[in-house]
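Single-letter residue listing:
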Amino acid sequence: MRVDPLQMEQILMNLAANARDAMPQGGHLRIETSNIKLDDSYVDRKKAVIPAGRYALITVTDDGEGIPSEHLAHIFEPFYTTKPLGKGTGLGLATVYGIVKQNKGFIWAYSEPQMGTVFKIYLPCMGGRIHSSSTEPKTAAVVGGSETVLLVEDEQAVRRATAEFLRLQGYTVLEAKDGIDALSVAGNYGSTIHLVVTDVVMPNMSGGQLAKELAQQRRETKLLFVSGYAGKTVLDHKVVDLETNFLQKPYTLKQLSLKVREALHQVKSASAR
């Protein structure tokens, strides 16, 4: 297994923080590691989505409030949270998922209300032969690149988590807290900015106004708008093409990665003409 120690630390910190929030009156958190080998008979018997091979297994268990079944299928989606407003962004587990997948691993969760939660992370061992499984869901795949992306988001927690995910996909990421800050960052950056991913509704300068200003400063840069607001509000901010350059919040990691690639592909197509 070859994983960046800082990434491993972040996985454990995020899972520990999640467990802490699930145990407001206190409880027990257990972190265990082991080496396991999944063979073909195990995969067939369990109908596993994890290919056969040798893995380092990290198990994180708490005896907290647990996760209701209707929420369990969504816990790795960005912005999905059952916490009260201001108590969490829903990005901690999405970040964990992104790191695990970037290292070609798998993460599995089991939980029952009032019975605690178990997270199991399978990271492939170096030299261990991993067999492709026909049952592995193709929807888990995310795609990355090496281009430069300017991320404009006024919520710091959302911006940091999204920037981290994009960096894990190979992108060079510049960050800005609003439209005015984005213009300053773009003006001071000496190389190509291939894509700007910007929220639509922001203080000081909206995403639509930012797009207008950037069109004068960096004509080669493509824009991808994101917003949790309804379509009319987005259109009122002069975001014209909702089909090709807009992503609705909340979105999954796969949706974000695919939409970024789609926008960047349009840049390349346009430059080729």
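Structural data are supplied above this passage.
Residues numbered from 1 in each chain as written. Predicted model: local features only at pLDDT ≥ 70, side-chain atom pairs only at ≥ 80, totals over all residues. Heavy atoms only, no water.

(A) Main features of the sheet that holds strand β1 (residues 29-38). Strand order in the open sheet made by the four strands is β1-β2-β4-β3, with antiparallel pairing throughout. Because the sheet does not close on itself, it has two edges, and the strands there are β1 and β3 (106-111). Sheet twist, expressed as the average angle between the axes of neighbouring strands with direction ignored, equals 20°. With ten bridges joining them, β1 and strand β2 (residues 53-62) adopt antiparallel strand pairing. (Pairing = 2+ DSSP bridges. Helix = DSSP H or I, 4+ residues; strand = E, 2+ residues; numbered from the N terminus. Axes fitted to C-alpha atoms, helices over the stretch in contact; angles between N-to-C directions.)

(B) Spatial organisation of the side chain of Gln7. By the element assignment, Gln7 lies in helix α1 (residues 5-22). A relative accessible area of 13% places Gln7 in the buried class. Dropping the residues within four chain positions of it, Gln7 is found in contact with Ile99, Gln102, Asn103 and Leu168. (Buried < 20%, exposed > 50% of the residue type's maximum accessible area, 1.4 Å probe, protein only. Contact = heavy atoms within 4.5 Å.)

(C) Fine view of the pairing of strand β8 (residues 222-227). Burial analysis of β8 places five of its six residues in the buried class, the great majority of the element. As paired elements, strand β7 (residues 195-199) and β8 share five bridges and run parallel to each other. Looking across to β8, one finds that Val197 is bridged to Leu224. The pairing of β8 with strand β9 (residues 246-248) spans three bridges and is parallel. Paired with Phe225 across the strands is Phe246, a residue of β9.

(D) Seen up close, the sheet that holds β7. Taken in spatial order, the five strands line up as β6-β5-β7-β8-β9 in an open sheet, and their pairing is parallel. Bordering the open sheet on either side are β6 (172-176) and β9, each of which pairs with just one other strand. Within the sheet, the average angular offset between the axes of one strand and its neighbour, ignoring direction, is 20°.

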